[in-house]
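Remarks on the overall topology
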Amino acid sequence: MSVAQHKALILESKLGQFAVKTVQTPKPGPEEVLVKIEATALNPLDWKVQALGILIERYPTILGFDAAGSIFQIGEEVPPTLFAVGDRVLVQGWFDLAEQSAHGTFTQYFLLPYKLVAKIPDSLAYEDAATIPTGVATAGFPLYNQNESAASVRLTPPWVKGGRGKYAGRPILVIGGASSMGQFAIQFARLSGFSPIVTTASPHNTPLLQTLGATHVLDRKLSSEELIAEATKITGGPFEVVYDAIASEETSSMAYAVTARGGHLVTVLSNPALELRAKEEGKNVDFVHGVFKSEVNRDIGRSLLDALPGLLKSGDIKPNRTEILPGGLNGVVEGLERLKNDQVSGVKLVVRPQETA
Ligand SMILES: NC(=O)c1ccc[n+]([C@@H]2O[C@H](COP(=O)([O-])OP(=O)(O)OC[C@H]3O[C@@H](n4cnc5c(N)ncnc54)[C@H](OP(=O)(O)O)[C@@H]3O)[C@@H](O)[C@H]2O)c1
C-alpha cells in the first residue's frame, strides 16, 4: 500500500497563518515508520509558536505534538518482533532546539523513528490515545529522569521494579491539576505512592481530579496567600516536591514559597531568574523538557514508551477527557484560539486529520 500525497496543516512563515495544503508523502528510512494519523491533539505550544513566533525559525513548518494512528509503512530495519503494519500506536511530534525546527503531527501521515513509538491497547480509542504522549513526558521526565544532565527529582519510576508506591506518605503539590500536564502529574504521583496529593483547580474539576488520585483539591481562585496557608495546613509544612503545571508569574511565586529547602519545584515554563534564586536559597527549580526525541530523555523516554501499553491497559494511566473538533485539520485554528483565550477546562481538544476536506 502506498500513498503519494496527503494533507497537512502548514504554518507558512513566522507569525503567519495556518493553511491546509497538499504535501508529498515521505517514505520511511530503514529505522523509521510512517504512521497514518487518526487523531491529533492541540497543545498551548501550538498557538504560542504561531502567535508569539517563539522557538521555531525554519518555515514553512507543521506543528502538533500529540497523535495516534496506525503504522502504514515500515522501514526495512525495524525489528518485526516490535512493530508491524497495522499496529495501533501513539506518537509525539517534536521541536528541535538546535535546528529551531518543528516536526509536527497536524498531518495525515507522520514519519518518525520506530524507537519513539508506543503501541496502544485495542480498548483505547485513537482520540483518547492522542491526549497522552506530551502529557506523560512532561509529567514523568522531571520526576523520574536519572540522566545526570536532566533537571529532575530523580525518583524511581513507578513502572520499574521497586518503584510502585515507593514514596508512600510523602506529600506532593500539583498546581493546575486540571491541565493536561497536571492530570498526568497527579496520576504518576498516585502510582509513586505520594500522599497527600494536593492540587489546585476550578471546583467543578474536583471529582475528575479525585478519580485520578488527588486527595485535596484547592480552589485555584483563592489568593496566593490563602493557597499557601491551605496547602501547608494539610501537610504541616512546605513540600519537598511541587509540580507547577501552569507556571504563570502568580503560580510560580506561590509554588516557590511552598517548596521546602532542599526540595524540588518542577516548572513547565523556563524561569531562569527563579532558578538562580533557588540556587542561592538551597532549593531546586527543574524546568521540564518534555520531548521524547531529545538526547537527555532518551533512556527515560524509551523506558516509559515500553511501559505505556501496560500502564494504559491496566488503567493505571488514564488519558485526558477529549472534545473532538469537526473539520479535521481545518478545526485546529479555532481550537487554538480557544486555548489561547483560556476557554478550555479539563479536556483536551482533538481533531481527526483523515476527516480533512
Ligand atoms: N516544558 C515542556 O516540555 C512543556 C510541555 C508541554 C506543555 N508545557 C506547558 O505547560 C503548560 C500547561 O499545558 P497544558 O497542555 O497542560 O495546558 P491546558 O491543559 O491547556 O491547561 C488548561 C487548564 O489550566 C488550568 N489553569 C489555568 N490557570 C490556572 C491557575 N492559575 N491555577 C490552576 N490551574 C490553572 C485550568 O484549570 P481549571 O479548568 O481547573 O480552571 C485549565 O483546565 C503550558 O504553558 C504549556 O505550554 C510545557
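Residues numbered from 1 in each chain as written. Predicted model: local features only at pLDDT ≥ 70, side-chain atom pairs only at ≥ 80, totals over all residues. Heavy atoms only, no water.

Topic: the domain arrangement of the chain
The condition that has to hold: Domain delimitation in this document rests on an assignment produced automatically or drawn from a domain database. Here, residues are in contact when the closest pair of their heavy atoms is within 4.5 Å. Any Lys or Arg side-chain nitrogen found within 4 Å of a carboxyl oxygen on Asp or Glu counts as a salt bridge. Any pair of nitrogen or oxygen atoms within 3.5 Å is treated as a polar contact; in protein, a donor-acceptor pairing is required on top of that, and neighbouring residues in sequence qualify only through side-chain atoms on both sides. Side-chain classes are defined by residue name, with Ala, Val, Leu, Ile, Met, Phe, Trp, Tyr, Cys and Pro counting as nonpolar, Asp, Glu, Lys and Arg as charged, and the others, Gly among them, as polar.
In terms of domains, the chain is made up of domain 1 (5–132 + 319–355) and domain 2 (135–287). When each unit is reduced to the centre of its C-alpha atoms, the spacing between domain 1 and domain 2 is 28 Å. Between domain 1 and domain 2, the contact holds eleven residues from the first and twelve residues from the second. Connecting domain 1 to domain 2 are zero salt bridges. The tally of links from domain 1 across to domain 2 stands at seven residue pairs in polar contact (both at pLDDT 80 or more). Broken down by class, the residue content of the side of domain 1 that touches domain 2 amounts to two nonpolar, six polar and three charged.

A short note on the packing of aromatic side chains
Rules: Centre distance within 6.5 Å is the pairing criterion for rings of Phe, Tyr and Trp, where only the six-membered ring of Trp is used; planes under 30 degrees apart are then read as stacked, over 60 as edge-to-face, and the remainder as tilted. Put simply, DSSP H or I for four residues or longer makes a helix, DSSP E for two residues or longer makes a strand, and each gets a number counted from the N terminus. A simple rule labels every residue: compare its accessible area, found with a 1.4 Å probe on the protein chains alone, to the largest value its type can have, and call it buried under 20%, exposed over 50%, or partly exposed in between.
Counting across every chain of the model gives nine aromatic pairs. Their ring planes at 90° and their centres at 6.0 Å tell us that Phe 65 and Phe 95 sit as a pair that is edge-to-face. With Phe 65 in the loop between α1 (44–52) and β4 (66–74) and Phe 95 in strand β6 (residues 94–96), this pair connects stretches of sequence that are 30 residues apart. For Phe 65, a relative accessible area of 5% puts it in the buried group. Relative to Phe 194, the ring of Tyr 167 has its centre 5.7 Å away and its plane inclined at 20°; by these criteria the two rings are stacked.

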